[in-house]
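The chain contents come next:
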Amino acid sequence: MSDEQAVDLGEALAHLRARAPTPLAIIDVDEVLGLFVQGFDRWLRGRGHELRMTSFRLFGNVFAVDAEAPADKADAQALFQLYFAEGCGRMAVAPGAVEALARVAERAAVVILTNAPEASRRLRGDWLERQGLPYPLIVNGGAKGPVIRALADAAGGPAAFVDDLLPNLDSAAEHAPQVARFQLVADPALRALAPASPSHPRVEDWAELEPRLAAALSS
Ligand SMILES: [Mg+2]
């Protein structure tokens, strides 16, 4: 954990302890609050590349526009890093997310937990503000479970976590099994490709997520 992340987490924990006990919603950004794949593809096309989402993976699906073979993993990763440093502030928000989360926030604390390159911090924070998502942001790297555990302990009430990626949901289940988990993949095309797990309830969209979140946070 970097110093910046430690500051993020420390501030979020202090914010929660001041409100404890409180219900807590911990919300991912990419493909939960924002349409990451669409935004990354649009940005790539300005650089002679594109995403061809034929499978639920990222780096193996970056292609130069006229190429038949995917870009080298190192090249795809470099584009990914550059997108987060300069392009991720123009992503579209997931339908219904802002309004639903505002209603959740009337009765629960909300923390945004993103695994993203450190270089995305300012653009990502600005993006959240502009969309009307003015919640504390933690820019994390690596396993989310220990962070979720610390947040839930600080809040001291029922907690729920929403993410698109099974490894993050698995990590939450391992480290913070008392926290309710929901899988949401905001992009419809990506949703059809995304693996599901019987361990984590899956919802189609924010309209379905909101009552499930509300129920989990009032139990
Ligand atoms: Mg995500």
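Calculation notes
- Residues numbered from 1 in each chain as written.
- Predicted model: local features only at pLDDT ≥ 70, side-chain atom pairs only at ≥ 80, totals over all residues.
- Helix = DSSP H or I, 4+ residues; strand = E, 2+ residues; numbered from the N terminus.
- Rg over C-alpha atoms; globule rule 2.2 N^0.38 Å.
- Buried ≥ 20, exposed ≤ 12 C-beta atoms within 10 Å, placed from the backbone.
- Contact = placed C-beta atoms within 7 Å.
- Domains from an automatic or database assignment.
- Pairing = 2+ DSSP bridges.
- Arc of directions from axis to C-beta.

## Observations concerning the overall build of the protein chain
When helices and strands are tallied, the protein chain shows 9 helices and 8 strands. For a compact globule of 219 residues, the expected C-alpha radius of gyration is about 17 Å, and the protein chain comes in at 17 Å, within 12% of that figure. Expressed along its principal axes, the backbone C-alpha trace of the protein chain runs to roughly 55 × 35 × 30 Å. A buried classification covers 41% of the 219 residues belonging to the protein chain. Taking the intrachain contacts of the protein chain between residues at least 6 apart in sequence as the baseline, contacts between residues at least 24 apart amount to 70%.

## Brief notes about the domain arrangement of the protein chain
Entries for the protein chain in the domain assignment read domain 1 (3–35 + 91–218) and domain 2 (37–90). For domain 1 versus domain 2, the distance between C-alpha centres works out to 25 Å. Listed as interface residues are 19 residues of domain 1 and, on the opposing side, 12 residues of domain 2. Counting residues per element, the ones that place at least two in the side of domain 1 that touches domain 2 are helix H5 (121–131) and helix H8 (188–193).

## Some thoughts on the pairing of strand S4 (residues 109–115)
For S4, a buried count of 5 out of 7 residues is recorded, marking the element as mostly surrounded by other parts of the structure. When strand S1 (residues 22–27) meets S4, the two strands line up parallel, connected through 4 bridges. Bridging across to S4, Ala 25 finds its partner in Val 110. The pairing of S4 with strand S5 (residues 137–140) spans 4 bridges and is classified as parallel. Across the sheet, Thr 114 pairs through a bridge with Val 139, a residue of S5.

## Side note on the environment of Leu 151
Position of Leu 151 among the secondary structure elements: in helix H6 (residues 145–155). With 26 C-beta atoms counted inside 10 Å, the residue Leu 151 sits in the buried group. In this structure, Leu 151 is in contact with Ala 12, Leu 13, Leu 16, Leu 24, Ile 26 and Val 111, ignoring residues within four places of it in sequence.

## Remarks on the sheet that holds strand S8 (residues 202–203)
As summarised here, the arrangement of the 6 strands in space is S5-S4-S1-S6-S7-S8, forming an open sheet in which the pairing is parallel. Strand pairing shows two members of the sheet lacking a second neighbour, S5 and S8, which therefore form its edges. Sheet analysis places strand S6 (residues 156–163) next to strand S7 (residues 180–184), joined by 4 bridges and oriented parallel. Among the inter-strand pairings, Asp 163 is bridged to a residue of S7, identified as Gln 183.

## Topic: helix H7 (residues 166–175)
Those residues of H7 that fall on the buried side of the exposure criterion are Asn 168, Leu 169, Ser 171 and Ala 172. Viewed end-on, H7 has its buried residues packed into an arc of 155°, placing them on one side of the element. Along its buried surface, H7 packs onto H6, S6 and S7.

## Observations concerning unusual backbone geometry
Cis geometry marks the peptide bond from Ala 20 to Pro 21; its omega dihedral reads -5°. Positionally, Pro 21 belongs in the loop between helix H1 (3–19) and S1. One non-glycine residue, Glu 31, lies in the positive phi region at around 70°. Structurally, Glu 31 can be placed in the loop between S1 and helix H2 (36–45).

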